[in-house]
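A look at the structure
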Amino acid sequence: MSAHTATPDATAVNTAAEVELAIGGMTCASCAARIEKKLNRMDGVEATVNYATEKAKVSYRGADVSVQDLIATVEATGYTAQEPAPPVRAGDDGAPQEAETDALQPLRQRLLTAVLLAVPVIAMAMIPALQFDYWQWLSLTLTAPVVTYAAWPFHRAAWTNAKHGAATMDTLISVGTSAAFLWSVWALFFGTAGMVGMTHPFELTIGRSDGAGNIYLEAAAGVTAFILAGRYFEARSKRKAGAALKALLELGAKEVTVLRDGGEVTVATSDLQVGDRFLVRPGEKIATDGTVVEGSSAVDASMLTGESVPVEAGVGDSVTGATLNAGGRLVVEATRVGADTQLARMAKLVEDAQNGKAAAQRLADRISAVFVPVVIALALGTLGFWLGNGAGLTAAFTAAVAVLIIACPCALGLATPTALMVGTGRGAQLGILIKGPEVLETTRRVDTIVLDKTGTVTTGRMTLLTVHTAQGTTETDVLRLAGALEHASEHPIAQAVATGALQRTGAPLPTTEDFASIAGLGVQGVVEGHAVLVGREQLLTEWEIHLPVELARGKAAAEAAGRTAIAVAWDGEARAVLVVADAVKDTSAEAIRRLRDLGLTPILLTGDNKAVAEAVAAEVGIEEVYAEVMPEDKVDVVKRLQAEGRSVAMVGDGVNDAAALAQADLGLAMGTGTDAAIEAGDLTLVRGDLRAAPDAIRLSRRTLGTIRTNLFWAFAYNVGALPLAAAGLLNPMIAGAAMAFSSVFVVGNSLRLRGFKAA
């Protein structure tokens, strides 16, 4: 299967093609399922629709189906579809962010309208002291905009669902609020509810009442406000689904210094052509993939490859766009630009992984699919029963409408948002950010956790670990002289030695004279009258200095463990070997143990070499290791584990982890990592402490359990009150009290999450 993006012109080709459609009008996960089903019924079409990203990824045969046919099918299902516009490059202008903000504006306006108008309506209905003469007419005036303007998305979605013979949460809300409002209007204009002095007495008695004297405006307004609040918070978290791609695009250099006609010209990176030669100064990002044609330097590629040690790059070596030039001046010839670069390919991997991730069906929708038809059938049955028993039209309609009204669960609007709000709030206090309700369901099923090494299990920084000294040499002397010389170098390994020397000696380092850097070998200079060499063993050999047996043994042991060994000599003698590596975090071993206690199997996944990976895994207690894995292959490892039937969580912090985080069933991003990783993850561990990972999974599972309990009670009181409504015994006060009790219970149950403690 070819994976190019088709255009409407590519329809005559009898090969499989892929297209991505932006879908509009979806209000819940069942909308996505309906569109997916319709598309998959077309000949030669395979489609997956993601509610979170609002995109459909469609594979089709160009000879049989065109993109316009696909769009027409989606539109016939009641939604909109179009080929998405190409992503706007970061830095071009601020338009994308503004467009995103504007997309939430209508929902925010509806929510504010509903809350401001519903609060007084609920207060007047529930507190008899506020029921002044004609209060019911003020309630009608305030409720009308809520049920029409604010609740319009629910009515529109219910109509779309009805046309396709489906029922969702939107159907339940629309039918319930409409029934409550229309019955109240009838009772006010044609019944006795509109008379002066009408009140809702606080009587919790069961008895047949005259429906013409009852109004249910507070139910219509309250349900709309509560559920709009839930939708708004969900939409805010969903809006971030595409932010990983923007974060990836922002990682690249915005401008580049190109060498043209013997001079230097600064141009936008997007204007680079294959074959252009450009300059990369120390500390700058490399603009695009290319080959070094002049100069040498250490290139920090950890964000892309996961290798903790900077890679030495010289003439003829390949370098990757968006990596950091940590050392000298380089001239690079561009070999890949635009969509062909490794960074752009990784952005595509992230997008594919996000689109391929199945949208979690919301619990409320799954329940509604069964509950709504049952309630409507019960209402019709109630109407028919009372009419057949000669109870009269008013009594029969009163009982039938009461069934619809009591079925509209006020607490359902609070069930998920309150638990999420308290759970995410408590998580934030503990340094855990949960992105949305879909995340929680996954945490229950996860059985395997894949851990990136660099920056996740380890610190991600080169650290001086060990000092091996020759006979007659003190560690303090080695650190003072080697540290002083390395302090003058910009190389990350040199900086690790200098920092370690300062920390261990606790004294300022002496000054260096005649400092010189020998490309790829090390540094030399004069410190306190001593001619000092620090670098590879080869540097010492060129000065005919050889390592004594004990230092050679220490160097070999360090390299066998995947660590970097640096030789130190002065005054013609080898004096020490310094061992530098990306140190394991103090808390990692404990975190792995806690993850095992939660029933998860830990796996180490890294782009670093095998010896380093196995040494780190042994130190923290991980048995399964995947090493020397390229960024695009990380996604394949996750997919392979998923194909084995495992539910996979992934913890990572680098750009190289972003696609795997998006592909995993649950992505946990270290907050100390890159924006791309954080945006691609489902949970963010702010502290950068791996112990937050088991805490995050425990909190997510606890929050999900709370939501399930809330949903049970939100429906349970409705189910319990339905027989009373059908029997015509539903007193408005009992309905109101039941609604209030279920809402209070749901809020109280959610507040219990505030007591969650980190292990």
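Residues numbered from 1 in each chain as written. Predicted model: local features only at pLDDT ≥ 70, side-chain atom pairs only at ≥ 80, totals over all residues. Heavy atoms only, no water.

**Looking at the overall build of the protein chain**
Short version of the rule: Only DSSP runs of H or I covering at least 4 residues are called helices, and only runs of E covering at least 2 are called strands; the numbering of each starts at the N terminus. Throughout, exposure labels follow a simple rule: accessible area from a 1.4 Å probe, protein chains only, divided by the maximum for the residue type, with under 20% read as buried, over 50% as exposed, and the rest as partly exposed. Note on contacts: a residue pair is in contact if any heavy atoms of the two residues lie within 4.5 Å. In these tables, accessible area is a Shrake-Rupley quantity obtained with a 1.4 Å probe, and a residue counts as shielded only by the protein chains included in the view.
A count of helices and strands for the protein chain gives 26 helices and 26 strands. Within the protein chain, buried positions represent 53% of all 759 residues. Relative to all contacts within the protein chain whose residues are 6 or more apart in sequence, the contacts with residues 24 or more apart total 70%. As displayed, the protein chain offers around 31600 Å² of accessible surface, 56% of which is attributable to carbon and sulfur atoms.

**Here we look at the sheet that holds strand 15 (residues 448-452)**
To keep it simple, the criterion reads: One requirement defines pairing of two strands: DSSP has to find at least two bridges between them. Between the N-to-C directions of two axes lies an angle of 0 to 180 degrees, each axis being a line fitted to C-alpha atoms and, for a helix, fitted only over the stretch in contact.
An order of 14-26-25-24-15-22-23 is seen for the seven strands of this open sheet, with the pairing classed as mixed. Both outer strands of the open sheet, strand 14 (432-434) and strand 23 (624-626), are each paired with one neighbouring strand and no more. Direction aside, the axes of adjacent strands within the sheet are offset by 20° on average. Both strand 25 (residues 666-670) and strand 26 (residues 683-685) contribute to a ladder of three bridges, which runs parallel. Bridge pairing in strand 26 places Ala 669 opposite Thr 684.

**Focus: helix 22 (residues 631-643)**
Our working rule: In this scheme, a helix's expected span is set at 1.5 Å multiplied by one less than its residue total. Throughout, the arc means the angular range of directions from the helix axis out to the C-beta atoms.
For helix 22, which comprises 13 residues, the first-to-last C-alpha distance of 19 Å matches the rise-based estimate of 18 Å (1.5 Å per residue) to within 8%. Among the residues of helix 22, Pro 631, Lys 634, Val 635, Val 637, Val 638 and Leu 641 are the ones counted as buried. Projection of helix 22 onto a plane perpendicular to its axis shows the buried side chains occupying an angular sector of 155°, all on one side.

**Overview of the environment of Gln 273**
Along the chain, the position of Gln 273 falls in the loop between strand 6 (263-268) and strand 7 (277-280). Along the primary structure Gln 273 and Thr 335 are separated by 62 residues, whereas in three dimensions their C-alpha atoms are 8.5 Å apart. Gln 273 has contacts with Ala 334 and Val 337, leaving out every residue within four places of it along the chain.

**A few points about the pattern of salt bridges**
Here is the rule we go by: For this analysis, a salt bridge means a side-chain nitrogen from Lys or Arg found within 4 Å of a carboxyl oxygen belonging to Asp or Glu.
Under the criterion given, the structure shown has 23 salt bridges. Arg 281 is paired through a salt bridge with Glu 264; the nearest N and O atoms lie 3.1 Å apart. One end of the pair, Arg 281, is in the loop between strand 7 and strand 8 (289-294); the other, Glu 264, is in strand 6, with 17 residues separating them in the sequence. When its relative accessible area of 32% is taken as the criterion, Arg 281 is described as partly exposed.

**Here's the deal with the sheet that holds strand 1 (residues 16-24)**
Sheet strands line up and pair through hydrogen bonds in the backbone, either parallel or antiparallel. With antiparallel pairing, the four strands of this open sheet are ordered in space as 2-3-1-4. Because the sheet does not close on itself, it has two edges, and the strands there are strand 2 (46-50) and strand 4 (80-82). Sheet twist, expressed as the average angle between the axes of neighbouring strands with direction ignored, equals 25°.

**A short note on the UniProt feature "transmembrane region" (unreviewed entry) in the protein chain**
Filter applied, for reference: UniProt positions are given in the numbering used here, feature names are shortened, and annotations may be inferred rather than shown by experiment.
According to UniProt, the "transmembrane region" (unreviewed entry) feature falls on residues 111-128, 134-152, 172-195, 215-233, 367-387, 393-416, 710-727 and 733-751. For residues 172-195, the end-to-end C-alpha separation is 31 Å, with 75% helix and 0% strand making up the annotated structure. Annotated as residues 215-233, this span is 89% helix and 0% strand, and its ends, taken at the C-alpha atoms, are 30 Å apart.

**Considering the packing of helix 20 (residues 588-597) against helix 25 (residues 692-726)**
In plain terms, the rule: Oblique is the label for any angle not under 35 degrees, not over 145, and not in the 65 to 115 range, which are roughly parallel, roughly antiparallel and roughly perpendicular in turn. Three categories are distinguished: nonpolar for Ala, Val, Leu, Ile, Met, Phe, Trp, Tyr, Cys and Pro, charged for Asp, Glu, Lys and Arg, and polar for the others, with Gly belonging to the last.
Where helix 20 meets helix 25, the axes come as close as 8 Å, and the angle between the chain directions of the two elements is 30°. With respect to helix 25, the element helix 20 is oriented roughly parallel. Along the contact surface, helix 20 presents Ala 591, Arg 594 and Leu 595, while helix 25 presents Ala 693, Pro 694, Asp 695 and Ile 697. Each residue belonging to the contact of helix 20 with helix 25 can be placed in one class, and the counts come to five nonpolar, no polar and two charged.

**Comments concerning the packing of aromatic side chains**
Applicable threshold: Only rings of Phe, Tyr and Trp enter the pairing, Trp through its six-membered ring, and a pair is recorded when the two centres are within 6.5 Å. The plane angle decides the type: under 30 degrees is stacked, over 60 is edge-to-face, the rest tilted.
In this structure the tally under the stated criterion is five aromatic pairs. Ring centres 5.2 Å apart and planes at 85° place the aromatic pair Trp 137 and Phe 189 in the edge-to-face group. Here Phe 189 lies in helix 6 (residues 169-189) and Trp 137 lies in helix 4 (residues 135-150), a separation of 52 residues in the sequence. Trp 137 sits in the partly exposed class, given a relative accessible area of 26%. On the numbers, 5.5 Å between centres and 80° between planes, the contact of Phe 712 with Trp 713 is edge-to-face. The partly exposed category is assigned to Trp 713, whose relative accessible area is 35%.

**Details of unusual backbone geometry**
A positive phi angle, near 80°, is found at Ala 322, a position not held by glycine. Mapping Ala 322 onto the fold places it in the loop between strand 11 (318-319) and strand 12 (324-325). Judged by relative accessible area, which is 1%, Ala 322 ranks as buried. Phi is positive for Asp 514, which is not a glycine, with a value near 50°. Within the fold, Asp 514 resides in strand 17 (residues 512-518). With a relative accessible area of 63%, Asp 514 lands in the exposed category.

**What to know about the packing of helix 4 against helix 6**
Applicable threshold: A crossing counts as left-handed when the near helix is turned anticlockwise from the far one by less than a right angle, and as right-handed when that turn is clockwise.
At their nearest, the axes of helix 4 and helix 6 sit 11 Å apart, and the two run at 150° to each other. The handedness of the crossing between helix 4 and helix 6 comes out as left-handed. Here helix 4 contributes Gln 136, Trp 137, Leu 140, Thr 143, Ala 144 and Val 147 to the contact with helix 6, which in turn contributes Thr 177, Phe 181, Val 185, Leu 188 and Phe 189. In terms of residue class, the contact of helix 4 with helix 6 is made up of eight nonpolar, three polar and no charged.

**Description of the pairing of strand 7**
Looking at chain direction, strand 5 (residues 255-260) and strand 7 are connected through two bridges and run antiparallel. Bridge pairing in strand 7 places Val 258 opposite Phe 278. Pairing of strand 7 with strand 13 (residues 330-336), which is carried by four bridges, proceeds in the antiparallel orientation. Across the sheet, the residue bridging to Phe 278 is Val 332, located in strand 13.

**Considerations on the nonpolar core**
Rules: Here, nonpolar core refers to any group of buried Ala, Val, Leu, Ile, Met, Phe, Trp, Tyr and Cys residues whose side-chain atoms link them within 4.5 Å.
Core analysis: the biggest nonpolar cluster contains 56 residues, and Ile 215, Leu 217, Leu 228, Val 375 and Val 403 have the highest contact counts within it. Listing elements by their share of this core, those giving two or more residues are helix 3 (95-126), helix 4, helix 6, helix 7 (217-238), helix 11 (363-388), helix 12 (393-407) and helix 25. With residues near it in sequence (within four places) discarded, Val 375 still touches Val 403, Leu 404, Ala 407 and Leu 722. The next biggest cluster of nonpolar side chains, apart from the first, holds 43 residues, and it includes Ala 617, Ala 649, Leu 690 and Leu 704.

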